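# Coordinates in review
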Amino acid sequence: MRSTVPCLATLCLSLTLAACDTRDDTSKDQAATAGGTDSPPAETPREEQDRLQPPGESGVLRVVTRNGSTTYYLDRLEEPAGPEHDLVQAFARQQGWAVEWVVVPSTAEVLQRLRAGDVHLAAAGLTHLASRDAAFLRGGQYRAITEQLVCNRALRPLPDTAAEMATFNIRVTAGSSYVETLAALQAENPEILFEEDDRMSTERLLGQVEQGKLDCTVADSNIVQVNRRYMPHLDIAMDLTPSQSLGWYLPKEYEALAQTTRAWFDSDSGALAANSVDYRYYAYISEFDFVDLRALNRRIDDRLPKYKPLFLQAEESTGLPADLLAAQSYQESHWDPQARSPTGVRGLMMLTLNTAKAWGVENRLDPVQSVDGGARYLADRHERLPETIPEPDRTFLALASYNVGRGHLLDARTLARKLGKNPDSWSDMKDVLPLLAEEEYYAQLRYGYARGYEPVHYVTRIRNYRDVIESAFTGAGVTATGGD
């Protein structure tokens, strides 16, 4: 790290996106075989003698992106996902091309790949800036954002003018547009100091702010929107920029391709894809209230009695405590059997279609089937963990696996051992899981980037809900095991 002194809620639209499985390490050498599908992420620049052919000739669009919740990542089923992933796949599908992904850890490296002419396109949450226009071609744009100063809410009063920023410790990711923004503010307010961090991503820096290790950072509003769900101590101090556009960039030699991307985003097909991405990844964020205990208490009275027998029955069949299952179900759906999210999960236990099929659930909106299938799935996550793990740690790890996926949990356990932590201890694992969002750690692991903060907060919320729900199950059912 180096010091730098001055330095749309939309309609639910369906979008068919094809993706291949990138779970096997050996798959990295495979080639894409169908138009519009993913090929495994590439890791190294092409040699000079192997220059890129235009995608119109090769049928392959080579795209650089970066790991992140608003760009590209592997989901709980280890399938490629993310706003940029989905947009690129829709665009390539329209053209009849396959996609070859180059996944890098930072914005700086994304821009480096563009300069090297190693890719056709960069789709990495890049802000369209005049300084970048000088070096690259603008592709299509798809989302308006502002850059926001985000601080730990305990630091009162928070700054609401540039001059007041001088007393706060500010750090931003190196190579980002935030450096340019802060440098411009510093030119008018020389007392402002900030640091560039060439190791931590924006999400990781937000985590530092959440934990009180850093006063403030700067992030795009969409990144803040996604991460505040899992980081309740983040507060937006102020917007630092007017509305700006996120979009794609291309090397200077691909003018025709740049025009094609711009035309596509302006077309009905591009608008459909952008609206679908907005709905899937952003529109639902504020629908669920995770902290309103008054709402929880009301629902214990008016909703839980109807479903309580299902949780007790699931306890008898799986051995998992009924109050734990009820708390998990509240976290997932607020006990709404019709609940559904744009990511495709549905019902009381918010099962994916693949999980439902695997556990014989024919109708995810049927409360009986949903609770039974979700409980058996959680029990399976529990049983697959070593029996030597003590309770309640084993239950907490099973919940984390349910949330983030077994592959990412196994990665976190591997990382815990490398760091001298105890992979069987939830106290240690809740510190390790967030590291899955940091390149210096996930680059060593099989399944790569994951939103590691999410399972930590998932387990925390379920534990808190269970404390409130427990009294509704006192004296009912079999003796609970693996409790708090």
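Above this text sits the structure in question.
Note that the coordinates shown come from a computational prediction; the quantities given were computed from them, not determined experimentally. Per chain, residues are indexed from 1 in the order of the written sequence. Thresholds applied to this predicted model are a pLDDT of at least 70 for local features of residues and 80 or more for the giving and counting of side-chain atom pairs; totals over whole chains, interfaces and linings are not thresholded and use all residues. Where side-chain values are given, they derive from all heavy atoms of the structure, hydrogens and water being excluded.

### Notes on the sheet that holds strand β12 (residues 216-220)
Applicable threshold: Strands qualify as paired when DSSP identifies two bridges or more between them. In this description a helix means any DSSP run of H or I spanning at least four residues, a strand means any run of E spanning at least two, and both kinds are numbered starting from the N terminus. Angles run from 0 to 180 degrees between N-to-C directions of axes, and those axes are lines fitted to C-alpha atoms, restricted for helices to the stretch in contact. By definition in these notes, contact holds between two residues if any of their heavy atoms fall within 4.5 Å.
Taking strand neighbours across the sheet as the criterion, the three strands line up as β12-β9-β13 in an open arrangement whose pairing is antiparallel. Each of the sheet's edge strands pairs with one partner strand only, and the pair in question is β12 and β13 (234-239). Across the sheet, the mean angle from the axis of one strand to that of its neighbour is 35°, orientation sign disregarded. Bridge analysis of strand β9 (residues 147-152) against β12 gives five bridges, and the strand direction is antiparallel. Directly across from L149, in β12, lies its bridge partner V218. Across the face of the sheet, helix α5 (residues 177-188) comes into contact with β9 and β12 while running at roughly 120° to β12.

### Quick word on the pattern of salt bridges
Under the convention used in this document: For this document, the term salt bridge refers to a Lys or Arg side-chain nitrogen within 4 Å of an Asp or Glu carboxyl oxygen. We call a residue buried when its accessible area falls under 20% of the maximum for its residue type, exposed when it is over 50%, and partly exposed in between, using a 1.4 Å probe and counting protein chains only.
One pass over the structure, following the stated rule, counts 16 salt bridges. A salt bridge links D118 to R113; the shortest N-O distance between them is 3.0 Å. For D118, a relative accessible area of 4% gives the class buried. One salt bridge in this structure joins D380 and R384, with 2.9 Å as the shortest N-O distance. The class of D380 is buried, set by a relative accessible area of 13%. Taken together, the shared-partner salt bridges connect R62, E100, E109, R113 and D118 into one network.

### Describing unusual backbone geometry
The linkage connecting R156 with the following residue, P157, adopts the cis geometry, with an omega of -5°. Following the sequence through the fold, P157 ends up in the loop between β9 and β10 (171-173). The step from E391 to P392 runs through a cis peptide bond, and the omega angle for that step is 5°. Residues other than glycine seldom take positive phi values, yet H334 does so here, at roughly 60°. Note that H334 resides in the loop between α12 (322-333) and α13 (353-358). With a phi close to 60°, W335 is a non-glycine residue in the positive phi region. Structurally, W335 can be placed in the loop between α12 and α13. For W335, a relative accessible area of 1% puts it in the buried group.

### A closer look at the packing of aromatic side chains
Inclusion rule: Centre distance within 6.5 Å is the pairing criterion for rings of Phe, Tyr and Trp, where only the six-membered ring of Trp is used; planes under 30 degrees apart are then read as stacked, over 60 as edge-to-face, and the remainder as tilted. Placement of a charge over a ring requires the Lys NZ or Arg CZ to be within 6 Å of the ring centre, with the centre-to-atom vector within 35 degrees of the ring normal.
This structure, assessed with the given rule, holds 16 aromatic pairs. Considering the side-chain rings of Y142 and F265, the 5.9 Å spacing of their centres and the 25° angle between planes classify their relative orientation as stacked. Placement of the pair is Y142 in strand β8 (residues 137-145) and F265 in helix α8 (residues 255-266), with a sequence separation of 123 residues. F265 carries the same exposure label as Y142, and that label is buried. One aromatic cluster is present, built from ring pairs that chain together F91, W97, Y142, W248, W264 and F265. Sitting over the ring of Y282, R143 keeps its end group 3.8 Å from the ring centre. Above the ring of F473, the side-chain terminus of K308 is found at 5.4 Å from the ring centroid.

### A closer look at the state of the cysteines
As a reminder of what qualifies: Note on terminology: disulfide denotes any pair of cysteine sulfur atoms within 2.5 Å.
Within this structure, the stated rule accounts for one disulfide. Between the sulfur atoms of C151 and its disulfide partner C216 the distance amounts to 2.1 Å. Between C151 and C216 the sulfur-sulfur dihedral comes to about 105°; the bridge is accordingly right-handed. With C151 in strand β9 and C216 in strand β12, the pair connects residues that are 65 residues apart, well separated along the chain.

### Brief notes about the environment of R132
Here R132 lies in helix α4 (residues 130-133). R132 sits in the buried class, given a relative accessible area of 8%. Among all residues touching R132, those that are not within four sequence positions of it are T107, L111, L126, T127, G175, S176, S177 and Y249.

### Brief notes about the side chain of E84
Keep this limit in mind: Counting rule for charge: Lys and Arg are taken as positive, Asp and Glu as negative, and neither His nor the chain ends is counted. By the criterion applied in these results, polar contacts are pairs of N or O atoms within 3.5 Å in which, for protein atoms, one can donate a hydrogen and the other can accept it, and in which residues neighboring in sequence qualify only through two side-chain atoms.
In this fold, E84 is placed in helix α2 (residues 83-95). In this structure, E84 is buried with no salt-bridge partner, the nearest side chain bearing the opposite charge being R66 at 7.6 Å. There is a polar contact of 2.5 Å between the side chain of E84 and the side chain of Y142. Beyond its immediate sequence surroundings of up to four residues, E84 is in contact with T65, T70, T71, W101, A123, A124, G125, Y142 and W248.

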